[in-house]
Amino acid sequence: MHLFPALEERYTKEHLSAREAQRLAEFIAWGPVVFQVARIMLKWGILDLIRDSGEGLTLEEIVKKTKQSEYAVKCLLEASLSIGILLVDVQAERYTLSKTGWFLINDPATRVNIDFNQDVNYEGWFHLEASLKEGKPVGLKHFGDWSTIYEGLSELPEQVQRSWFAFDHFYSDASFPEALQIVFKKHQTRSLYDVGGNTGKWALQCVHFDKEVEVTVLDLPQQIEMMKKQIMPDAEARRITGFGMNLLDKNSAFPRREGGLDAIWMSQFLDCFSMDEIVSILLRAREVMSGQTRLYIMETLWDRQHFEPAAFCLTMTSLYFAALANGNSKMYHTNDLSECIGKAGLEIEEIFDGLGQGHSILVCKLKQ
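Remember, predicted model here, so these are calculated numbers, not experimental data.

Scoring rules and cut-offs
Residues numbered from 1 in each chain as written. Predicted model: local features only at pLDDT ≥ 70, side-chain atom pairs only at ≥ 80, totals over all residues. Heavy atoms only, no water. Buried < 20%, exposed > 50% of the residue type's maximum accessible area, 1.4 Å probe, protein only. Helix = DSSP H or I, 4+ residues; strand = E, 2+ residues; numbered from the N terminus. Pairing = 2+ DSSP bridges. Contact = heavy atoms within 4.5 Å. Core = buried A, V, L, I, M, F, W, Y, C linked by side-chain atoms within 4.5 Å. Salt bridge = Lys/Arg side-chain N within 4 Å of Asp/Glu carboxyl O.

Caption draft 1: Representation of the pairing of strand 6 (residues 263-267). Of all 5 residues in strand 6, 5 are buried, a share of seventy percent or more. Both faces of strand 6 are covered, namely the face carrying Ala263, Trp265 and Ser267 and the face carrying Ile264 and Met266. The pairing of strand 3 (residues 191-195) with strand 6 spans 3 bridges and is parallel. What sits directly across from Leu192, in strand 6, is Ala263. Here 5 bridges tie strand 6 to strand 7 (residues 294-299), and the two strands are oriented parallel to one another.

Caption draft 2: Local environment of the environment of Thr58. Relative to the assigned elements, Thr58 resides in the loop between helix 4 (46-53) and helix 5 (59-66). Considering only alpha carbons, one finds Thr58 and Arg94, 36 residues apart in sequence, at a separation of 4.6 Å. When residues no more than four places from it in sequence are discounted, the contact partners of Thr58 are Ala92, Glu93 and Arg94.

Caption draft 3: Examining the nonpolar core more closely. Counting 61 residues, the largest nonpolar core has Phe254, Ile264, Met266, Leu282 and Tyr320 as its most contacted members. For this core, the element with the most residues is helix 15 (residues 308-325), which contributes 7 residues. Discounting chain neighbours no more than four positions away, the residues touching Ile264 are Tyr193, Val195, Ala285, Val288, Met289, Thr293, Arg294, Leu295 and Tyr296. Counting 27 residues, the second-largest nonpolar core is a separate cluster that includes Leu180, Ile182, Leu192 and Met227.

Caption draft 4: Focus on the environment of Asn113. Topologically, Asn113 is positioned in helix 8 (residues 108-125). Assessed through its relative accessible area of 14%, Asn113 is described here as buried. Put simply, Asn113 and Ser163 are 50 residues apart on the chain and 8.7 Å apart in space, counted from C-alpha to C-alpha. Sequence-distant contacts of Asn113, defined by excluding residues within four places in its chain, comprise Phe167, Tyr171 and Cys313.

Caption draft 5: Geometry of the side chain of Ser163. Turning to its location among the elements, Ser163 is positioned in helix 10 (residues 158-173). Contacts of Ser163, omitting those with residues within four sequence positions, involve Asp115, Phe116, Asp119 and Val120.

Caption draft 6: Just the pattern of salt bridges, in detail. Applying the stated rule across the entire model yields 22 salt bridges. For Glu158, the salt bridge is made with Arg162, and the minimal N-O distance between the two is 2.9 Å. You can see Glu158 and its partner Arg162 sitting in helix 10, 4 residues apart, about one turn around the helix. With a relative accessible area of 45%, Arg162 lands in the partly exposed category. Glu350 is the salt-bridge partner of Lys186, the closest N and O atoms lying 2.6 Å from each other. Of this pair, Lys186 sits in the loop between helix 11 (176-185) and strand 3 while Glu350 sits in strand 8 (residues 346-355); the two residues are 164 residues apart in sequence, bridging distant segments of the chain. Residues participating in the shared-partner salt-bridge network are Lys211, Glu236, Arg238 and Arg239.

No statement about biological role is implied by the geometric values presented.
In C-alpha cells, the structure reads:
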C-alpha cells in the first residue's frame, strides 16, 4: 500500500503515550455527545460570543447574552473544556477559545462537515453495523423507501438537501478552476459527457469557459429534471443537453455521439458505486471512446492527501456511503480505481494531484 508522506508518518507509527491513548479511547466512547456539544456551541453562538469578546466571557455573561439557562450553559462550558474547544482562566473564571474552537468557527470544511453529519447522517449512523453486514444503506430508511439516497435526493427535507448539496459542492467546486485548465488546455475538447452531472454546476462551468464546447449530462431522469431547472436561467445553458439513464443498469448504454466524443468527465461520481459497478460503468464509457477521447476521473483519493486531516475526513465519509448512500461504495485508494480502470480496458495516462480540497484527476485513455 502506497501512502503520501504525511499519511505514512501518521498511520504506520505509534505517536501517543499510554495516557494520551487512554484519553483518545474515552473521547471515542463519548464521540456522539462530543459532536452534539460542539454543534450546539456553534448553533447557539456561544463560540462566536467568546471569540468576539476579546478577553473572554464568564458564565454569567454568557447566560445573559444567550438567554439560555445557567444549567444548560454550565453543562456546555464544562463539556467544552473537556473536549478541548475552550480554555478557562481559573482566577478570573473567564472562558476563551482554544485553537480547536477557532477552527470550529472559521474552517469552512469543518462547518460543512458538521451540517452534513447532523442533517444527513446522524440518525443513519445508528444503523451502520446492519448496513455493513447487509451491504445496503439501512440508515436511509428514516428518510424514505429508496435503495440509494440518489433516488430520493429531490424528495429529502429541504434542510437535508441543503446540507447534502453544500457538502457535495464544497469539495468539488474549489477544484473546478484547475480542472477546467486540465480538460480544455491540453486536449482540444469540443464535446464532453458529464456523467453523474447532478445539478449541472460543472456543465455550466464548461460552457462558460469554452464558447464552443457542447456538454451532455448523463444522470438519472429525475436528476436531469432537477438539473434543467437549475441551469435554465443561464443563457449558455443552450449548449447543455440531458440524457436520462440508470447508470447502474448494465444494459443501459452511453449515447453515441455523431462525429465522435472528445472527453468524458466523472467528478466525485465513481465513489458512489462498488468496484464491480465502477467496472461496468467504465466498460460502457469505453464503448463510446476513440483513441482521441480522454476520460477524466476527479476524486478525493484518501491515499493521495497531503495533509492527514483530509484523509481522516475521507475515510469517515466512506461510512456515509455504507450507512446512507448505497451500502457498497466508499472513498477509494488509488490502487482500487487503477484496478477498475484496467479491467475496463483503459489505462491511466497522467495523474494531477492537489486540486482544490485535495482532489486528484486521473486522465485515462484506451489501453494500448
